[in-house]
Amino acid sequence: MKLRFFNTMSRTKEDFIPIDKNEITYYSCGPTVYWTPHVGNLRAYVFTDILKRVLLYNKYKVKHCMNYTDVGHLTSDADTGEDKIEKAAKKENKTAIEISEHYTMEFNRDCKKLNIIPPTITCKATEYIQEQIELIEKLEKKGFTYKTDDGIYFDSSKFPDYGKLGRINIDELSPGKRTCMRGKKHKTDFALWKFSEKPGVRQQEWKSPWGTGFPGWHTECCAMSIKHLGEQFDIHTGGEDHIQVHHTK
């Protein structure tokens, strides 16, 4: 049976032609494990499960990778605010690791109740810090990054098609209206690595070539997907609300 998928980039239904006909590479943006998942969160994973079952039914071998975001997802979904894991740890008087492990278990328990097939590979952002640093270094060598007082940023002006996936009208964006520009060169630039405001205060921070801090949310998924699936893979799923905010990055 010929499969047709809706392509977010083209906004059209297209015939599915895998990179390798022997194995489908499939990445799913996983949960940020700081709180109990609700039905809206789990709907996304029911969808990914249905899609995977369709592929398996059509005799495809599927290599499915999903991450757990256990650091670096800030409360603004952008580059400001508290780290959601760190905030939850303060609220519940627990360590960041205790928070992420507890809510990872809750998420997995709920997925089991929903009969969702587990991914082939699961990965935690905190276990791939070196890969994330190496990815930023590659971008740095190619001239795509710059440093501000609060982190290392991706220079979106160096990528002509930036915003195409999310149909973002960059000219209509108002810089600094929702978040402070704070040294950013362009309104669409985003953090690859954030510096700890006071090193030693955060529970989760690491040394890097640029300073002590933690990876940006977008860096994490890029590094982990490349690590396990390669620089190009067939399918990327996640919540529709992530298309402009996260998947565009």
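It should be noted that the structure appears before, not after, this text.
Cut-offs applied
Residues numbered from 1 in each chain as written. Predicted model: local features only at pLDDT ≥ 70, side-chain atom pairs only at ≥ 80, totals over all residues. Heavy atoms only, no water. Helix = DSSP H or I, 4+ residues; strand = E, 2+ residues; numbered from the N terminus. Buried < 20%, exposed > 50% of the residue type's maximum accessible area, 1.4 Å probe, protein only. Contact = heavy atoms within 4.5 Å. Patch = residues over 30% accessible without salt bridge, like charges linked within 9 Å, V, L, I, M, F, W, Y side chains within 5 Å. Areas by Shrake-Rupley, 256 points an atom, 1.4 Å probe, with all protein chains shown as cover. Salt bridge = Lys/Arg side-chain N within 4 Å of Asp/Glu carboxyl O. Phe/Tyr/Trp six-rings, centres within 6.5 Å; stacked < 30°, edge-to-face > 60°. Lys NZ or Arg CZ within 6 Å of the ring centre and 35° of its normal. Pairing = 2+ DSSP bridges.

## Here we look at the environment of Tyr34
- Inspection of the secondary structure puts Tyr34 in the loop between strand 3 (24-28) and helix 1 (39-57).
- Judged by its relative accessible area of 30%, Tyr34 falls in the partly exposed class.
- Distance from Tyr34 to Ser100, taken between C-alpha atoms, is 6.0 Å for residues 66 residues apart in sequence.
- Every residue in contact with Tyr34, bar those within four places of it in the chain, is listed here: Lys84, Ile85, Ala88, Ile99 and Tyr103.

## Examining the environment of Pro199
- Secondary-structure assignment places Pro199 in the loop between strand 8 (190-195) and strand 9 (213-215).
- Since its relative accessible area comes to 58%, Pro199 is described here as exposed.
- For the pair Pro199 and Thr212, spaced 13 residues apart in sequence, the C-alpha separation works out to 6.5 Å.
- In contact with Pro199, not counting residues within four places along its chain, are Glu205 and Thr212.

## Section: a nonpolar patch on the surface
- Residues Val46, Ile50, Val54 and Leu114 make up a contiguous nonpolar surface patch of roughly 290 Å² in combined accessible area.
- When you line up the elements, Val46 lands in helix 1.
- Among the residues examined, Val46 registers a relative accessible area of 31% and is labelled partly exposed.

## Some points on the packing of aromatic side chains
- Within this structure, the stated rule accounts for 10 aromatic pairs.
- Centre to centre, the rings of Tyr146 and Tyr153 are 6.1 Å apart; their planes meet at 20°, and the pair counts as stacked.
- When its relative accessible area of 9% is taken as the criterion, Tyr146 is described as buried.
- We classify Tyr153 as buried; its relative accessible area is 2%.
- Relative to Trp210, the ring of Trp193 lies with its centre 6.3 Å away and its plane at 55°, an arrangement referred to as tilted. Residue Trp193 is found in strand 8, and its partner Trp210 is found in the loop between strand 8 and strand 9; the two are separated by 17 residues along the sequence. Taken as a pair, Trp193 and Trp210 share a single burial class, namely buried.
- Taken together, the ring pairs in this structure connect Phe5, Phe16 and Tyr60 into an aromatic cluster.
- The aromatic ring of Trp35 is capped on one face by Lys91, whose charged end is 4.9 Å from the ring centroid.
- The ring centre of Phe214 lies 3.7 Å from the NZ or CZ of Arg202, which sits over that ring.

## Structural notes on the pairing of strand 7 (residues 151-154)
- By the bridge criterion, three bridges tie strand 6 (residues 145-147) to strand 7 in an arrangement that is antiparallel. Bridge assignment links Lys147 to a residue of strand 7, and that residue is Ile152.
- Sheet topology places strand 7 next to strand 8; four bridges connect them, and they run antiparallel. Bridge pairing in strand 8 places Phe154 opposite Phe190.

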